[in-house]
Amino acid sequence: MEYPKPVMRKSELEKMGFPEEYLMRIYRTKGQSIAWKIDPTSRNSPILFDTQGLEKFRAQKK
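Let me begin by describing the structure that accompanies this report.

What counts, and at which threshold
Residues numbered from 1 in each chain as written. Predicted model: local features only at pLDDT ≥ 70, side-chain atom pairs only at ≥ 80, totals over all residues. Heavy atoms only, no water. Core = buried A, V, L, I, M, F, W, Y, C linked by side-chain atoms within 4.5 Å. Buried < 20%, exposed > 50% of the residue type's maximum accessible area, 1.4 Å probe, protein only. Helix = DSSP H or I, 4+ residues; strand = E, 2+ residues; numbered from the N terminus. Contact = heavy atoms within 4.5 Å. Salt bridge = Lys/Arg side-chain N within 4 Å of Asp/Glu carboxyl O. Pairing = 2+ DSSP bridges. Axes fitted to C-alpha atoms, helices over the stretch in contact; angles between N-to-C directions. Phe/Tyr/Trp six-rings, centres within 6.5 Å; stacked < 30°, edge-to-face > 60°.

### Looking at the nonpolar core
Then, in step 1: Leu 13, Phe 18, Ile 26, Phe 49 and Leu 54 are the most contacted members of the largest nonpolar core, which has 14 residues in total.
Then, in step 2: Taken together, the elements giving at least two residues each to this core come down to helix H2 (20–28), strand S3 (47–50) and helix H3 (51–60).
Then, in step 3: Looking at this core, the element that brings in the most residues is H2, giving 4 residues.
Then, in step 4: Excluding its chain neighbours within four sequence positions, the residues that come into contact with Phe 18 are Met 1, Tyr 3, Leu 13, Leu 23, Leu 54 and Arg 58.

### Re the pattern of salt bridges
Then, in step 1: Scanning the entire structure with this criterion turns up 4 salt bridges.
Then, in step 2: For Glu 12, the salt bridge identified is with Lys 5, shortest N-O distance 2.5 Å.
Then, in step 3: Here Glu 12 falls in the partly exposed class, since its relative accessible area comes to 23%.
Then, in step 4: Here Lys 5 falls in the partly exposed class, since its relative accessible area comes to 36%.
Then, in step 5: For Glu 20, the salt bridge goes to Lys 10, with nearest N and O atoms at 3.2 Å. Residue Glu 20 is found in helix H2, and its partner Lys 10 is found in helix H1 (residues 10–15); the two are separated by 10 residues along the sequence.

### Thoughts on the sheet that holds S3
Working definition: the strands of a sheet are paired by backbone hydrogen bonds and lie parallel or antiparallel to each other.
Then, in step 1: With respect to topology, 3 strands assemble into an open sheet ordered S1-S3-S2, the strand pairing being antiparallel. If you trace the sheet from one side to the other, it starts and ends with strand S1 (7–9) and strand S2 (35–37), each paired once. Between one strand and the next, the sheet's axes are offset by a mean angle of 30 degrees, whatever the strand orientation.
Then, in step 2: Note: S2 against S3, 3 bridges, orientation antiparallel. Bridge pairing links Lys 37 to Ile 47 in S3.
Then, in step 3: Most of the contacts of H2 go to S3, to which it runs at about 85 degrees, and overall it touches S2 and S3.

### Considerations on the packing of aromatic side chains
Pairs of aromatic rings are described using the distance from one ring centre to the other and the angle between the two planes.
Then, in step 1: For the structure on display, the rule yields 2 aromatic pairs.
Then, in step 2: Aromatic side chains Tyr 3 and Phe 18 sit 6.4 Å apart centroid to centroid with 15 degrees between the ring planes, which places their arrangement in the stacked category. Of the two residues, Tyr 3 sits in the segment before S1 while Phe 18 sits in the loop between H1 and H2, which places them 15 residues apart along the sequence. Pair check on accessibility: Tyr 3 and Phe 18 agree, each one buried.

Printed below as a string of structure tokens:
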């Protein structure tokens, strides 16, 4: 899958068709290095995803 940017917000990925539950499961997976918050101390901080890492993660889970 092609992504328009190397790092994307969760909301941008949702607009591309990824379910929110799937993205949040990745974010909450212990030890993952694909997703992080811009400011971990802020409750409403946007979650960012490394799209190259996301694609590798998707390929492994198939």
